[in-house]
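Single-letter residue listing:
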Amino acid sequence: MKKIVAMILAALMLLAVVGCGGTTPSTEKTYVVLEDKLQAEEYGIGFRKNDIALGMAVYDALDDMIEDGTAAQISEKWFGKNILEKNDTYIEDTTAPGGDQSLQKVKDAGKLVLGLDASFPPMGFTDENNEIVGFDIDLAEEVCKRLGVTLVKQPINWDAKEMELDGGKIDCIWNGMTITDARLEAMFIPKAYVANAQVVIVPEGSDIKAVADLEGKKVGLQKGSSALEALQGNAVYEKVGEVIEYEDNVTCYLDLKAGRVEAMVVDEIVGRYLIETE
């Protein structure tokens, strides 16, 4: 009888420990970024092709923020370090054509309309209070303050961003946008301000140890992002089992965690933030 009572008490004690979050081992998976990166890249801010005066005013204000340390403070807030580049190399001709009223139009309107994918943490995303926040948002708020205008945050369909810009719905695209040849043809991107890379995220312990191991695997990435371009530029692309495109990176990451894809291709800045903040 004593033996039975002792066994019952032991069982109750074990249940109590489990209920308090005690010694039961966690079954939650962890996720890692492969050291083998797909490609290096850089972020830039995009404007309409002829809106050079506006683009240069924004970049001049951003350069001033880098010089006086304001940009570094914003970066420390989001990343714990300064990730901004003081880049003096311009990619495109920065001479505004005669009659370029793009900056004056923004000043006359009293606002800069910024287009973004509002599910792209930590660059720009909707938080638990339904507010659009992020690293790029904080930078843009300070730039607008220095230009004497108000920042308007306009969520857009990232896959149709060039159309949104050319149609006049927004004044710029500022949301961790990778500089590519196609985007340089479609818009004015003066220069880079942040270095980045396209990487692969997998569950820890996965048999995917390098990019070449994506052969035969189901891979997820965001539609309209540079992740697909980076994957297509690698020899493994033709051997990948299936590529699934998502409207945003957060949904893709959730599917990775649910096991519906075996790997995710994403901007390194975004991928590491998703892993560290889950």
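Scroll up a little and you will see the structure.
Let us look at the structure shown here. (Residues numbered from 1 in each chain as written. Predicted model: local features only at pLDDT ≥ 70, side-chain atom pairs only at ≥ 80, totals over all residues. Heavy atoms only, no water.)

## Observations concerning the layout of surface pockets
The method is simple in principle: a probe with the dimensions of a water molecule rolls over the atoms, and the space it marks as empty is what remains. Operational definition: Cavity means a closed set of points on a 1 Å grid over the protein atoms alone, one where a 1.4 Å probe fits but cannot get out, pocket means an open set with protein on both sides within 12 Å along at least 5 of 7 lines, and lining means a residue has an atom within 4 Å of a point. Grid points are joined across faces, edges and corners, and a volume is the space filled by probe spheres set on the points. Runs of E in the DSSP output that reach at least two residues are strands. Runs of H or I that reach at least four are helices, and both are numbered from the N terminus. Under the grouping applied here, Gly and all other residues not named as nonpolar or charged are polar, the nonpolar ones being Ala, Val, Leu, Ile, Met, Phe, Trp, Tyr, Cys and Pro and the charged ones Asp, Glu, Lys and Arg.
Put simply, the largest pocket is a space of about 300 Å³. As for the largest pocket, its lining consists of 13 residues, and the residues nearest its centre are F79, K81, I83, I269 and R272. For the lining of the largest pocket, the secondary-structure elements that each account for two or more residues are α3 (70–79), β9 (192–203) and α10 (268–277). Broken down by element, the lining of the largest pocket gets its largest block of residues, 6 residues, from α10. For the lining of the largest pocket, the class distribution of residues is 7 nonpolar, 2 polar and 4 charged.

## Concerning the side chain of D138
Definition in use: For every residue, the accessible area obtained with a 1.4 Å probe (protein chains only) is divided by the maximum for its type, and the residue is called buried under 20%, exposed over 50%, and partly exposed between those limits. Two N or O atoms form a polar contact when they lie within 3.5 Å of each other; inside protein one atom must be a possible hydrogen donor and the other a possible acceptor, and for residues adjacent in sequence the pair counts only when both atoms belong to side chains. Residues count as neighbours in contact if any of their non-hydrogen atoms are within 4.5 Å of one another.
The topology assignment puts D138 in helix α5 (residues 135–147). Classification of D138 by relative accessible area gives buried; the value is 19%. A distance of 2.9 Å separates the side chain of D138 from the side chain of W78, its partner in a polar contact. With near-sequence residues (within four places) excluded, D138 lies in contact with I74, K77 and W78.

## Some remarks on the sheet that holds strand β5 (residues 124–126)
What counts, and what does not: Between any two strands, pairing holds if DSSP finds at least two bridges.
On the basis of which strands lie adjacent, the open sheet formed by 3 strands has the order β4-β5-β6 and antiparallel pairing. Taken across any chain shown, the strands that pair with only one partner, and hence form the sheet edges, are β4 (119–120) and β6 (132–133). Relative to β5, β4 is paired through 2 bridges, and the arrangement is antiparallel. In the sheet register, S119 faces β5, and the bridge partner there is F125.

## Points about α10
Most of α10 sits inside the fold, with 7 of its 10 residues counted as buried. Here α10 has its buried residues at E268, I269, V270, G271, Y273, L274 and I275.

## Brief notes about the pairing of β9
Both faces of the sheet carry side chains from a regular strand, because those side chains alternate between them. Buried residues dominate β9, accounting for 11 of its 12 residues. By the bridge criterion, 6 bridges tie strand β2 (residues 39–47) to β9 in an arrangement that is antiparallel. Bridged to E42 within β9 is A195. Here 4 bridges tie β9 to strand β12 (residues 263–267), and the two strands are oriented antiparallel to one another. For I201, the partnering residue across the bridge sits in β12 and is M264.

## Regarding the packing of helix α2 (residues 52–68) against α5
Short version of the rule: Working convention: axes come from line fits to C-alpha atoms, limited for helices to the stretch in contact. Angles between N-to-C directions cover 0 to 180 degrees. Roughly parallel refers to an angle under 35 degrees, roughly antiparallel to one over 145, roughly perpendicular to one between 65 and 115, and oblique to any angle outside these ranges.
Between α2 and α5, the least distance of the axes is 9 Å, while the angle of their chain directions is 110°. The angle between the axes of α2 and α5 places the two elements in the roughly perpendicular class. Taken together, the residues of α5 that come into contact with α2 (itself represented by A57, V58, A61, L62, D64, M65 and D68) are L139, E142, V143, R146 and L147. Split into classes, the residues belonging to the contact of α2 with α5 amount to 8 nonpolar, no polar and 4 charged.

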